[in-house]
Amino acid sequence: RNARSSGQRYLFYAPRMNAALAARVALENELQSALEERQFVMYYQPRIDTPSGRIVSAEALIRWQHPVRGLVGPVEFIGLAEETGLIRPIGAWVIDAVCAQQAAWLAAGQPVVPVAINLSAVQCAYAGLFATISDAIERHGLEARHLEFELTETAVMNNPEEAARNLRALKRLGVLLSLDDFGTGYSSLAQLKRFPFDFVKIDRSFIAGLPDDAEDAAIAAAIIAMAHSLHLRVVAEGVETEAQLELLRTLRCDELQGFYFSRPIPAQGFAALLAADSLRPRACGDP
Ligand code: C2E
Ligand code: MG
Ligand code: MG
Ligand code: MG
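Just so it is clear, the model here is predicted, and its values are computed rather than measured. (Residues numbered from 1 in each chain as written. Chains lettered and ligands numbered in written order. Predicted model: local features only at pLDDT ≥ 70, side-chain atom pairs only at ≥ 80, totals over all residues. Heavy atoms only, no water.)

**Describing the coordination of the magnesium ion (ligand 3)**
In the first shell of the magnesium ion (ligand 3), the protein supplies Asp180 (OD), Asp181 (OD) and Glu237 (OE), at 1.9 to 2.2 Å from the metal. Sequence spacing of the donors to the magnesium ion (ligand 3): D-D-x55-E. In this structure the magnesium ion (ligand 2) is found 3.7 Å away from the magnesium ion (ligand 3), and aspartate 180 serves as a bridging donor for the pair. Remark: glutamate 237 occurs in the loop between strand S8 (233–236) and helix H11 (242–250) and aspartate 180 occurs in strand S6 (residues 176–182); sequence separation between them is 57 residues. Classification of aspartate 180 by relative accessible area gives buried; the value is 5%. Judged by relative accessible area, which is 10%, glutamate 237 ranks as buried. (Donors = N, O, S within 2.8 Å, 3.2 Å for Na, K, Ca; no water. Helix = DSSP H or I, 4+ residues; strand = E, 2+ residues; numbered from the N terminus. Buried < 20%, exposed > 50% of the residue type's maximum accessible area, 1.4 Å probe, protein only.)

In structure tokens:
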């Protein structure tokens, strides 16, 4: 390449690159102060037991209440938080916030279900993860069964040794563990069997095409059958329609999560949903 054309490329890209870099640095600084300014908030999305239709747990999902931009979703900042290492203090805040919320619900005598917390690759390769979690459980007077942790196969396979150590210790403590976004990585369930997961969550990209897409239906059916033969329970993510629900019921998918039931909502709204659900008459044969 000659100097002139590379010079042109430089002139073309430089202002945009600088703008992108400046935005990134600004976001990093803002993320750092967001913790001190208490701008993060947890939303909760219910998970439904397929046979009974009842709420059996919830996933905690972080939001950033930005003073100017309003409510910002995690896809806009979790990646940068991972790259910069900020995910560790943010992740510790998430664990503490969810434990505090569960303790408050227990103290108020409200119904409580296990709440699932997402862990990033950086967190699951961190040797101090187990201590962070067990300290938080103890500090808030919770039991391990009140918490679940979601890890993606990519996060686990990034540092399988440390992840396995953390997951085995967490399993001994008694928390629930799920394999998140299953089907989007490169590992097989058989490979992942050496990690002590309780649940497999089918990624919503395979649910989106249901019930019409025959290939997605075949993939969902195969994941469910394989997971069951390995004694894992299966959760479908991103259930948006009744037709998806019906097919997943036929395929014996154990639990369902998605906008069809509820979007992620603030803690108070979730508590109200759970309270109403626990008052519903139970069908014959319900637990
Ligand atoms: P995820 O763990 O796979 O979470 C599920 C995502 O799917 C959530 O997006 C949820 O709002 C969305 N979702 C649920 N049901 C439906 C549906 O029916 N249709 C559609 N289109 N979407 C649905 P959200 O809240 O934007 O979170 C995105 C990702 O950010 C999460 O994916 C997770 O990987 C990450 N994340 C969220 N909270 C945390 C956190 O506290 N810590 C860490 N490390 N990561 C988090
Ligand atoms: Mg998740
Ligand atoms: Mg997921
Ligand atoms: Mg995801």
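Structure shown, so let's carry the discussion forward.
**Structural notes on the nonpolar core**
A general feature of soluble globular proteins is that nonpolar side chains tend to end up buried together. Of all hydrophobic cores here, the largest spans 77 residues; its most connected members are Leu31, Tyr44, Val98, Phe149 and Phe197. In terms of residues, this core owes the most to one element, helix H3 (residues 87–107), which gives eight residues. The contacts of valine 98, once residues within four sequence positions are left out, are Met42, Tyr44, Ala60, Val115, Ile117 and Leu147. (Core = buried A, V, L, I, M, F, W, Y, C linked by side-chain atoms within 4.5 Å. Contact = heavy atoms within 4.5 Å.)

**Some thoughts on helix H10 (residues 214–229)**
Along its 16 residues, H10 runs 22 Å from first to last C-alpha, staying within 8% of the 22 Å computed at 1.5 Å per residue. When we look at burial in H10, the residues that qualify are Asp216, Ala217, Ala220, Ile223, Ile224 and Ala227. Down the axis, H10 shows its buried residues gathered within 130° of arc, on one side only. Of the residues in H10, the exposed ones pointing more than 90 degrees away from the buried face are Ala214 and Glu215. Looking at the buried side of H10, the elements it contacts are S6, helix H8 (189–192), strand S7 (199–202), helix H9 (204–207), S8 and H11. Residue aspartate 213 occupies the N-cap position of H10, its side-chain oxygen lying 2.9 Å from the main-chain nitrogen of glutamate 215. Count one or two residues on from H10 and you reach histidine 231, which has phi positive near 60°. (Expected span 1.5 Å × (residues − 1). Arc of directions from axis to C-beta. Polar contact = N/O pair within 3.5 Å; in protein donor to acceptor, adjacent residues only side chain to side chain.)

**A word on the site of ligand 1**
Close to ligand 1 lie 24 residues, the nearest being Arg63, Asn118, Asp180, Glu240 and Phe259. One nitrogen or oxygen atom from the side chain of glutamine 45 is found 3.1 Å from a nitrogen atom belonging to ligand 1. Protein contact buries 83% of the 810 Å² of open area that ligand 1 shows by itself. When residues of the shell around ligand 1 are traced back to their parent elements, those giving at least two are strand S1 (40–49), strand S2 (55–66), H3 and S6. Considering each element in turn, the shell around ligand 1 owes the most residues, four residues, to S2. (Near = heavy atom within 4 Å. Areas by Shrake-Rupley, 256 points an atom, 1.4 Å probe, with all protein chains shown as cover.)

**A look at the environment of glutamine 39**
Relative to the helices and strands, glutamine 39 resides in the loop between helix H1 (3–36) and S1. By relative accessible area, which is 15% here, glutamine 39 ends up buried. Separated by 17 residues in sequence, glutamine 39 and alanine 22 have C-alpha atoms that sit 22 Å apart. Side chain to side chain, glutamine 39 and tryptophan 64 meet in a polar contact 3.0 Å long.

**Observations regarding the state of the cysteines**
Summed over the entire model, instances satisfying the criterion amount to zero disulfides. With no disulfide partner, cysteine 99 has as its closest neighbouring cysteine sulfur the one in cysteine 124, 18 Å distant. On the basis of relative accessible area, cysteine 99 is assigned to the buried category, the value being 0%. Residue classification places cysteine 124 among the buried positions, given a relative accessible area of 1%. (Disulfide = S-S within 2.5 Å.)

So far we have only geometry, and geometry alone does not tell us how the molecule works.
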